[in-house]
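Coordinate analysis (summary)
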Amino acid sequence: MAVTGADPRLAAEQAGSPSRLRALVSDPAKAWNTFAIPLIVLIALAALYQYLGGVELTSREAARLNQPELILRARQHVVLSVQIAAWVIAIAVPLGIMLTRPWAKRLTPIFVGIANAGQAIPSIGLLTILAIAIGVGQRGAVIGVTAYCILPVLRNTLVGIQQVDDSIIEAGRGMGMTRQAVLWRIEMPLAVPIVLAGVRTALILAVGTITLGALVGAGTLGVIINSGVVGFSNPVLITGAVLTASVALLIDWVAGIAETVLRPKGL
Amino acid sequence: MDAMIRLEALTKRYPGQEELAVDNVDMEIRPGEIVVLVGPSGCGKTTTLKMINRIIEPTSGRIILEGEDVTDVNPDRLRRRIGYVIQQVGLFPHQTIASNVATVPKLLGWGKERITARVDELLEMVSLEPRIYRDRYPKELSGGQRQRVGVARAMAADPPVMLMDEPFGAIDPITRDRLQNEFLRLQEEIQKTIVFVTHDIDEAIKMGDRIAIFGDNHRIQQFATPEAILSQPANEFVDDFTGTGASLKRLNLVRVRDVDLGEWPTAISSVRREDALAQLDEVDQAFLLLVDSNRRPVRWVSRRDLSRADWNQHVGLPVRAQVPLNATLSDALDEMLTSSVGVAIVVDDGGAYRGIVDIDTVMTAVNTLRAETRERVAVAAWHAPAGAVEEGGA
């Protein structure tokens, strides 16, 4: 909308985002809700550090439990999860939009069926098949977990657009807005909260499932857990588990904040 | 007079349905009039309305707008020339009131300043203070306020024609009455051509310059002035639909401004009480109406109030029953019955006292109306002995 690009009211709306960020910390109750998760993660990490300081590590354990290795694995974990989320959004949101258009409505059951299958097939099986088909490494892991995470975003995009009140669309069309304009200026903004909820679910699924990437050579914190299991080592196992949980909680926390900040005003 | 909207043999058949939803509707709507489409549910009134801006595409027939055949033009462009108000309002919940009202001007590519000025003008027109409401969101408004915004939004680009689909249908009766009156007053200024759908015959009589009654056969049964419909129903269906109490309904046809208002003794509220008492003695009334410096009614005071030892500015009965000049006699009668003094005070747009309506005013108006109608029926019978009705029926 070229006309409203410089609209002072729109500018005010955009300026609204930081103020909503501020609102998250303005009063003590909200601040507690906002920062409870990072605080819990900090406590868990401190406890882990304390625990590791008190145990004698074998040379094998020390090969896993050192700073460069842990940082490498954590970074792989986060980067792959975000990559997967980006692919999921890039595929599922346009697909969802398309399937709500009148000309493609009949195809909806087919695509939802495929997405359902993607989630129903055990992910470890899917990753193994992909590793055999395209070789071990990160590519197969990203494809497999992406397929696994499409469904929530696709379904929420469909529902998000379908739940927009018919009278709102009729009013828009009745004033001479084109179908395109109704989609981009009414249906999509109103679907944003529901789509974001789907993205958050997908992100959590991705963070959890990508640990299996360790089995097909994609790295991630799953490597630490796996070597703990294989080597019967509690310190390694516990470190891998606590770090994976911490990353999952922090990513979910960031997604939660994004949900609050990106929700259109007035809803 | 040239028609603003002409519908020619407009027909709608939904796919897979035997029966026509709208059967061969012919209609001419003149500039500046309110035409109400009324009828039982499923009679085709809403479908007819929605075919005018082609939200529903007609199966056959033509739509002529301002002399131009618009049956096949680009519907989006067509709709920007026609205001559209629906019962559920359909405000965009994620946009401010100002942004909602600016929808069509934005589509038409108006400049920023022109839009801002127009939005403020419109909000004032529908009695919503722009400074307060401009930046609010729809969920922060009441149902009545939302419908006002809906009306403002429909008028934004000053379209010559407005389509209104049960605009006051979902609003409580008291607010509905107020919105109807405000809308009629607004219409006197803006003089739009309005097509208005309702299922409520009383609303049709109140709002319509002419009424088209749709029947169960999806055709127009009668298209005439409210008065003609009440006094000369074209057929049994119309007679049934307008229902009993036709004389009472006809009070809806007369506006307060068109009758001779009664007078009532008034005094400025800062009057000395000796003077007030003297004034009451002169006239044969139990109450004196106190008005403020702008002649807005404030309180009723009786002789006893004026004689009280603790007489001050707050003694007396507050004024409740007030009606604007464009209210109907039916509204006035309603107010009168709730008033402790037994009269409805008539005030102008600024709220200043203009006169009163009492039971005598109503009776006189009813008698005049009856005589006028009898005369008109006689004249009509003289010119059209076959019993044809004005503007033709089905």
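Residues numbered from 1 in each chain as written. Chains lettered and ligands numbered in written order. Predicted model: local features only at pLDDT ≥ 70, side-chain atom pairs only at ≥ 80, totals over all residues.

Quick look at the overall build of chain A now. When you go through chain A residue by residue, the secondary structure sums to 11 helices and zero strands. In sequence order, chain A lays out its α and β elements as α-α-α-α-α-α-α-α-α-α-α. Across the 267 residues in chain A, those meeting the buried criterion constitute 35%. (Helix = DSSP H or I, 4+ residues; strand = E, 2+ residues; numbered from the N terminus. Buried ≥ 20, exposed ≤ 12 C-beta atoms within 10 Å, placed from the backbone.)

Time to look at the overall build of chain B. Scanning chain B for helices and strands turns up 16 helices and 17 strands. In terms of its C-alpha atoms, chain B occupies a principal-axis envelope of roughly 80 × 60 × 35 Å. Looking at chain B as a whole, 42% of its 394 residues are labelled buried. Of the contacts made within chain B by residues no fewer than 6 positions apart, 63% connect residues no fewer than 24 positions apart. (Contact = placed C-beta atoms within 7 Å.)

Taken together, the 22 residues of chain A in the interface contact 27 residues of chain B. Going through the elements one at a time, helix H8 (166–174) and helix H9 (179–209) of chain A are the ones with two or more residues in the side of chain A that touches chain B. For the side of chain A that touches chain B, the element with the highest residue contribution is H8 of chain A, accounting for six residues. For the side of chain A that touches chain B, the per-class residue count stands at 11 nonpolar, six polar and five charged. (Nonpolar A, V, L, I, M, F, W, Y, C, P; charged D, E, K, R; others polar.)

Residues and elements named next belong to chain B. The sheet built from three strands is open, its strands ordered E15-E16-E17 with mixed pairing. Looking at strand neighbours, the two that pair on one side only are strand E15 (322–324) and strand E17 (353–357), the edges of this open sheet. Sheet twist, expressed as the average angle between the axes of neighbouring strands with direction ignored, equals 35 degrees. Strand direction decides the pairing type here: strand E16 (residues 344–347) and E17, joined by four bridges, are antiparallel. Each residue of the ladder has a partner; that of Ile345, found in E17, is Ile356. (Pairing = 2+ DSSP bridges. Axes fitted to C-alpha atoms, helices over the stretch in contact; angles between N-to-C directions.)

For H9 of chain A, built from 31 residues, the straight-helix expectation of 45 Å at 1.5 Å per residue is missed by more than 12%, its first-to-last C-alpha distance being only 39 Å. Along its length, H9 of chain A shows its largest kink, about 50 degrees, at Val192 of chain A, and proline Pro193 of chain A lies within four residues downstream of that point. (Expected span 1.5 Å × (residues − 1). Bend = angle between axes of the 7 residues up to and from the residue.)

All names here are of chain B. The buried fraction of strand E7 (residues 161–165) is high, at five of five residues. Alternating residues of E7 divide into Val161, Leu163 and Asp165 and Met162 and Met164, and every residue in both groups is buried. Each parallel crossover has a hand, and for E7 linked through helix H8 (residues 173–190) to strand E8 (residues 193–198) it is right-handed. (Right-handed = clockwise from strand over helix to strand, strands pointing away.)

Residues separated by three or four positions in an α-helix point in the same direction, a consequence of the helix having 3.6 residues per turn. Residue and element names in this part refer to chain B. An ideal rise of 1.5 Å per residue puts 26 Å on 18 residues; H8 measures up with 25 Å between its terminal C-alpha atoms. Here H8 has its buried residues at Leu179, Gln180 and Phe183. Looking straight down H8, one finds that the buried residues subtend no more than 105 degrees of arc, so they occupy a single side. Opposite the buried face of H8, at more than 90 degrees from it, the exposed residues are Ile174, Glu188 and Glu189. (Arc of directions from axis to C-beta.)

All right, on to the packing of helix H4 (residues 67–100) of chain A against helix H11 (residues 234–262) of chain A then. For any two helices packed against each other, one specifies the crossing angle of their axes together with the interaxial distance. Residue and element names in this part refer to chain A. Close contact between H4 and H11 brings their axes to 11 Å; oriented N to C, the two are set at 40 degrees. The angle between the axes of H4 and H11 places the two elements in the oblique class. Note on packing geometry: the crossing formed by H4 with H11 is right-handed. Facing Leu70, Ala74, His77, Val78 and Ser81 of H4, the residues of H11 in contact are Leu243, Val247 and Ile251. (Parallel < 35°, antiparallel > 145°, perpendicular 65-115°, else oblique. Left-handed = near helix turned anticlockwise from the far one by under 90°.)

Once that is clear, we can look at the nonpolar core. If you look at the biggest cluster of nonpolar residues, it comprises 134 residues, and the most contacted ones within it are Ala206 of chain A together with Val101 of chain B. Apart from residues lying up to four places away in sequence, Ala206 of chain A is in contact with Ser81, Ile84, Ala85, Val145 and Cys149 of chain A. With 28 residues, the next largest nonpolar core counts Trp264, Leu329, Ile345 and Ala365 of chain B among its residues. (Core = buried A, V, L, I, M, F, W, Y, C linked by C-beta atoms within 7 Å.)

In this section: the sheet that holds strand E13 (residues 297–302) of chain B. The strands that make up a sheet pair up through hydrogen bonds in the backbone, lying either parallel or antiparallel. Residue and element names in this part refer to chain B. Sheet architecture is open: four strands sit in the order E11-E12-E13-E14, paired in mixed fashion. Strands with a single pairing partner mark the edges of an open sheet, and in this sheet they are strand E11 (266–268) and strand E14 (317–318). As judged from the two bridges shared by E13 and E14, these two strands associate in the antiparallel manner. Bridge assignment links Arg299 to a residue of E14, and that residue is Pro318.

On to unusual backbone geometry, then. Residue and element names in this part refer to chain B. Within the chain, Asp158 stands out as a residue other than glycine whose phi angle is a positive 55 degrees. Residue Asp158 is classed as partly exposed on the basis of its C-beta count, with 13 C-beta atoms lying within 10 Å. Phi angles above zero are rare outside glycine, and Glu166 is one such case at about 45 degrees. Summarising the element assignment, Glu166 is placed in the loop between E7 and H8.

With that settled, the discussion passes to the confidence of the model for chain B. Within chain B, residue pLDDT values average 88, and 93% of them lie at 70 or more. Here residues 384–394 of chain B is modelled with pLDDT under 50, and outside its nearest four sequence neighbours on either side it reaches 18 contacts, counting other chains as well. (pLDDT = per-residue confidence, 0-100.)

Residues and elements named next belong to chain B. Burial within strand E9 (residues 210–214) is extensive, with five of its five residues counted as buried. Every second residue of E9 is oriented toward a common face, with Arg210, Ala212 and Phe214 on one face and Ile211 and Ile213 on the other, all of them buried. Summarising the sheet, strand E3 (residues 34–38) and E9 pair through four bridges and their orientation is parallel. Across the sheet, residue Val36 finds its bridge partner in E9, namely Ile211. Bridging between E9 and strand E10 (residues 220–224) involves four bridges; their strand directions are antiparallel. In the strand pairing of E10, Ile211 is matched with Ala224. Between the antiparallel neighbours E9 and E10 lie five residues, among them His218 with a positive phi of about 65 degrees.

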